Amino acid sequence: MIELSWPQVSARRLERAGLGEGPPEALPAPPAFATAEAFRAAGAFPAAEPEVMVAAMCGAHAQVMSAAEASVGLRLPGVTRAGVRAALWERRTLVKTHGPRGTVHLLPARDLPLWVSALSSIPDTHQGAPPSLRMTAEQTDQVVAAIRDVLAGAEMTIDELSEAVVEATGPWAGDLVMPAFQTMWPRWRQAMARAAHRGAFVFGAGRGRKVTYTAPPAAPASTGGAVGLVRAYLWAYGPATPAQFAQWAGGPVGWAREAFAGVELEEVLFAGERAWVLAGDTAVPGDPPRGVRLLPYFDAYVVAGRPRELLYPGAAAARALNGGQAGNFPVLLVDGDVGGVWHQRRSGSRLDVTVEPLRDLTAAQFGELEGQVERLGEVMEARPRLAIGPITVGPHA
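These numbers were taken from a predicted model, which means no experiment stands behind them.

Asks: Hey, could you run me through the pattern of salt bridges in this one?
Replies: On inspection of all chains with the given rule, the structure shows 15 salt bridges. For Arg85, the salt bridge identified is with Glu69, shortest N-O distance 2.9 Å. Residue Arg85 is located in helix H5 (residues 81–90), and its partner Glu69 is located in helix H4 (residues 65–73); the two are separated by 16 residues in the primary sequence. Across the salt bridge formed by Glu381 and Arg81, the nearest N and O atoms sit 3.0 Å from each other. Taken together, the positions of Glu381 in the loop between helix H16 (363–379) and strand S16 (383–388) and Arg81 in helix H5 put the pair 300 residues apart, joining distant regions of the chain.

Given below as structure tokens:
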């Protein structure tokens, strides 16, 4: 059995996540979602485009849209937030929808049927609301069907969508029972993530400051469920276990084990523990991880990165995790490990970036950090200014 160390796995993941030292065009191609044959036939990255990088990342977390723009832009030389927005709203090569764990993500439009097939296969076992407030499976189906019907050929704000859904399903769907942001949401909104996972809607371009929802782009139906998602996840973030995949995707471990069973895998020892990679996919870079990177809120690399104790060594676990959860703080990555936190504050065209390192940086590493701050300014289309000091801003919810 092949044994892989943390430095080897860290270097491999960084390279595949677009965070290594080589240009994006030199990266190996991620496997096609649907078939092992396509994975084996994969060659080089076809182009350093936002949708290709987002595919390699297994989605870019977009609950904070500016963080998604930074996540993608910092990986692609020459791409700014305008380029990410153009891919999303003009070329439509990206879509914004609910992805892993029900959270908002950017996903490649070409892969949306595959994501829908995978995420809709997750058993609906989460029951966060009290029994008196929950919807039955039949009511959930009615809401999903209503969303799909009313958004066909339309783009609606949440208020317009709510009115249409309640009219299509019944007054029970409009009962204000869900506490949310110091107000109450109607009952039907419990099914939003589930409706997105079933392909009923994606986010629209917006109407001024108002968020909108619309029908997903037309695409052929896809089958295969979570098997394709396991392939993509293991290519990007393996070696991993079914339990780690379940945590990342937001499904139960039994569902994850069943999905793993449908993939041709190879067992390895990773840091002394059993884990799995795609069969034959055991190659690692010859050099240990090197370099300094700024990663914004909820960057896909840290959210998927496990074991946490290896990615967040020593003081990083206490400083940069929030109750064990990754992503709530933007982090400074030093030679593959979390080595600090940072924060940005924008005022007009000025972008003030404060970095709190958790270790001493060499002169070369500080120079790399300055380069990262300059690049962040390019991505966010602002004039950056770096300061070193403590971060007093708490974790993002």
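Asks: Would you mind going over the confidence of the model for the chain with me for this structure?
Replies: Interpretation of the predicted coordinates at a detailed level should be avoided for regions scoring low in pLDDT. Per-chain confidence: the chain averages 91 in pLDDT, with 91% of residues scoring 70 or above. Contacts from residues 33–47, a stretch scored under 50 in pLDDT, to residues over four places away or in other chains number 35 contacts.

Asks: Even after reading the chapter, I still don't get the packing of helix H7 (residues 137–150) against helix H8 (residues 158–169), so can you show me in this structure?
Replies: The description of two packed helices rests on the angle between their axes and on the distance between the axes. Relative orientation of the contacting elements H7 and H8 amounts to 120°, with a least axis distance of 9 Å. Looking at the two axes, H7 sits oblique to H8. Seen from above, H7 lies across H8 with right-handed handedness. Listed contacts from H8 to Gln142, Val143, Ala146, Ile147 and Val150 of H7 are Leu161, Ala164, Val165, Ala168 and Thr169. Looking at the contact of H7 with H8 residue by residue, the classes come out as 8 nonpolar, 2 polar and no charged.

Asks: How should I be thinking about the environment of Ile158 in this particular structure?
Replies: Within the secondary structure layout, Ile158 lies in helix H8. In the structure, Ile158 is positioned 31 residues away from Arg189 in sequence and 9.7 Å away in space, judged by C-alpha atoms. Once residues lying within four places of it in the same chain are set aside, the contact partners of Ile158 are Trp188, Arg189, Met192, Val211 and Tyr213.

Parameters and conventions
Residues numbered from 1 in each chain as written. Predicted model: local features only at pLDDT ≥ 70, side-chain atom pairs only at ≥ 80, totals over all residues. Heavy atoms only, no water. Salt bridge = Lys/Arg side-chain N within 4 Å of Asp/Glu carboxyl O. Helix = DSSP H or I, 4+ residues; strand = E, 2+ residues; numbered from the N terminus. pLDDT = per-residue confidence, 0-100. Contact = heavy atoms within 4.5 Å. Axes fitted to C-alpha atoms, helices over the stretch in contact; angles between N-to-C directions. Parallel < 35°, antiparallel > 145°, perpendicular 65-115°, else oblique. Left-handed = near helix turned anticlockwise from the far one by under 90°. Nonpolar A, V, L, I, M, F, W, Y, C, P; charged D, E, K, R; others polar.

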